[in-house]
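Secondary and tertiary structure notes
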Amino acid sequence: MGSLQDGTRVSHSVSFLIGAFLPTLLLFFLASDRVGEQLSSIASFANGPVHHLTIHGNLSTDGSAAEKEKESFPGLAELLSKVAMDDRTVILTSVNEAWSAPGSLLDLFRGSFLDGEGIAHLLNNTLIVAADPGAMARCEAVHPHCYLLEVTAANVSSANHFMSKSYLELVWAKLSLQERVLQLGYNYLYTDVDIVWFRNPFRHISLYADMALSTDFFNGHADDTVKNAPNTGFYYVKSTNRTVEMLRRWRAAKTRPRRGGPTNDQWTFNEIKAEFVDGELQIRLVFLDTVFFDGFCRFHSQMDKVCTMHANCCVGLKAKVHDLRNVVADWKNYSSLTPLEKMGSEVKWRYPAECNKSMHCW
């Protein structure tokens, strides 16, 4: 009889401990980077086997495939380990020789971190991807973390005109490297180099988003994937099996037949975003508020809130550099004020006149 009672007490104790342990485990996984996959693990632990999404072409266990990927991006894994934040997040941007020339976009981009509010340290977590040897040489002269992903298209080093052949080669090439970054288990925030930074953007990116994208015209609803159109000049992606597959499918969609001929990564993503959100991948996609992630398409005057400013709705390197220089100068005027002066300040962004003119000429 004593043995039976002892056994009952043990059974109750075990049940109690498991009941107390599972919520703690759930909270731990919810706070981690791989939310979707961790929840599947919890379900399996609590309820037995579960059915997993069948994903093709992602984290291969085949040795030859892994070696092939490694050969395609030599030295990338070692470099990412040096650049990444503690939570395995890296900031990525890409440049060619024209964009990285002295006084051009790369200098404005890097300088904005130094002039921003407590974000200079984020340069240590930024990997600049060079599309040609000239850009690589310039990057290595000014920045500690550079990677050469040579694009073989003609005129790739020049100030490529929007939607030109070399422009399209550049924007699609970045996705191959980004897919590999995810495969290696790193989250990334990609930013075009024609974006200047003023405050830490990670404070406004949802922990539970698989992907968070900027948009030219935000409709006020972050989860409205129908009416918000993406701008793939600035987006965050969390490393999971599902997002690796998303990048693979995004890249594959480049070859889909379309009436207008070849298109860029942004327009392609807009065409297929519903497949990612509503299809088997169930990607948690959110859009970023233009109050914090501002741009020339929809100009806000809230300098007390802005994190980044994008030279979007602008065609041509010369116009972008001109108007972004004005933005940086306006920010310096604003940031030099005392907190009390900022409250009553009439300092505003200058209108991006050259970029506006470029859109009429395009």
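Heads up: the structure comes first, above all this text.
**Quick look at the state of the cysteines**
- The tally for this structure, following the rule as stated, stands at three disulfides.
- Two residues share a disulfide in this structure: Cys 139 and Cys 146, whose sulfurs sit 2.0 Å from each other. Because the sign of the S-S torsion sets the handedness, a value of about -90 degrees for the bond joining Cys 139 and Cys 146 places this disulfide among the left-handed ones. Residue Cys 139 shares its accessibility class with Cys 146, and that shared class is buried.
- Note on cysteine connectivity: Cys 297 is disulfide-linked to Cys 313, with sulfurs 1.8 Å apart. The sign of the S-S torsion, about 100 degrees, decides the handedness of the disulfide formed by Cys 297 and Cys 313: right-handed. Here the residue Cys 297 occupies a position in the loop between strand E9 (293–295) and strand E10 (308–310), and Cys 313 occupies one in the loop between E10 and helix H11 (317–335), the gap between them amounting to 16 residues.
- Overall, the relative accessible area of 17% leaves Cys 297 in the buried class.

**Here's the deal with the sheet that holds E9**
- In space, the three strands of this open sheet follow the order E5-E10-E9, with mixed pairing throughout. Strands with a single pairing partner mark the edges of an open sheet, and in this sheet they are strand E5 (195–197) and E9. Direction aside, neighbouring strands of the sheet carry axes that sit 20 degrees apart on average.

**Some words on the pairing of strand E2 (residues 126–130)**
- Within E2, five of the five residues are buried, which leaves the element mostly enclosed by the surrounding structure.
- Going residue by residue along E2, you find Thr 126, Ile 128 and Ala 130 tucked away on one face and Leu 127 and Val 129 tucked away on the opposite face as well.
- When E2 meets strand E3 (residues 146–148), the two strands line up parallel, connected through three bridges. What sits directly across from Ala 130, in E3, is Leu 148.
- Viewed along the sheet, the connection from E2 through helix H7 (residues 133–142) into E3 turns out right-handed.

**A closer look at the packing of helix H6 (residues 105–115) against H11**
- The geometry of H6 relative to H11 is characterised by a closest axis approach of 10 Å and an angle of 15 degrees between their N-to-C directions. Here H11 runs roughly parallel to H6, going by the angle between their axes. As H6 packs across H11, the resulting crossing turns out to be left-handed. Here Leu 105, Leu 108 and Asp 115 of H6 come into contact with H11, specifically with Leu 317, Lys 320, Val 321, Leu 324, Arg 325, Val 328, Trp 331 and Lys 332.

**Focus: the pattern of salt bridges**
- Tallied over the entire structure, the rule returns 14 salt bridges.
- In this structure, Arg 248 and Glu 245 form a salt bridge, with 2.8 Å as the shortest nitrogen-oxygen distance. Of the two residues, Arg 248 and Glu 245 both sit in helix H9 (residues 241–252), three residues apart, roughly one turn of that helix.
- Classification of Arg 248 by relative accessible area gives partly exposed; the value is 29%.

**Re the pairing of strand E7 (residues 230–237)**
- A large share of E7 lies buried, amounting to eight of its eight residues.
- Pairing geometry for strand E4 (residues 187–191) and E7, over four bridges, is antiparallel. Residue Tyr 190 lies in a different strand from E7, and its bridge partner there is Tyr 235.

**Some thoughts on the side chain of Asp 216**
- Take Asp 216: it is sitting in the loop between strand E6 (211–215) and E7.
- Buried charge without a partner: Asp 216 forms no salt bridge, and the closest opposite charge is Lys 320, 9.6 Å away.

Rules of the game
Residues numbered from 1 in each chain as written. Predicted model: local features only at pLDDT ≥ 70, side-chain atom pairs only at ≥ 80, totals over all residues. Heavy atoms only, no water. Disulfide = S-S within 2.5 Å. Buried < 20%, exposed > 50% of the residue type's maximum accessible area, 1.4 Å probe, protein only. Helix = DSSP H or I, 4+ residues; strand = E, 2+ residues; numbered from the N terminus. Pairing = 2+ DSSP bridges. Axes fitted to C-alpha atoms, helices over the stretch in contact; angles between N-to-C directions. Right-handed = clockwise from strand over helix to strand, strands pointing away. Parallel < 35°, antiparallel > 145°, perpendicular 65-115°, else oblique. Left-handed = near helix turned anticlockwise from the far one by under 90°. Contact = heavy atoms within 4.5 Å. Salt bridge = Lys/Arg side-chain N within 4 Å of Asp/Glu carboxyl O. Lys, Arg positive; Asp, Glu negative; His and termini not counted.

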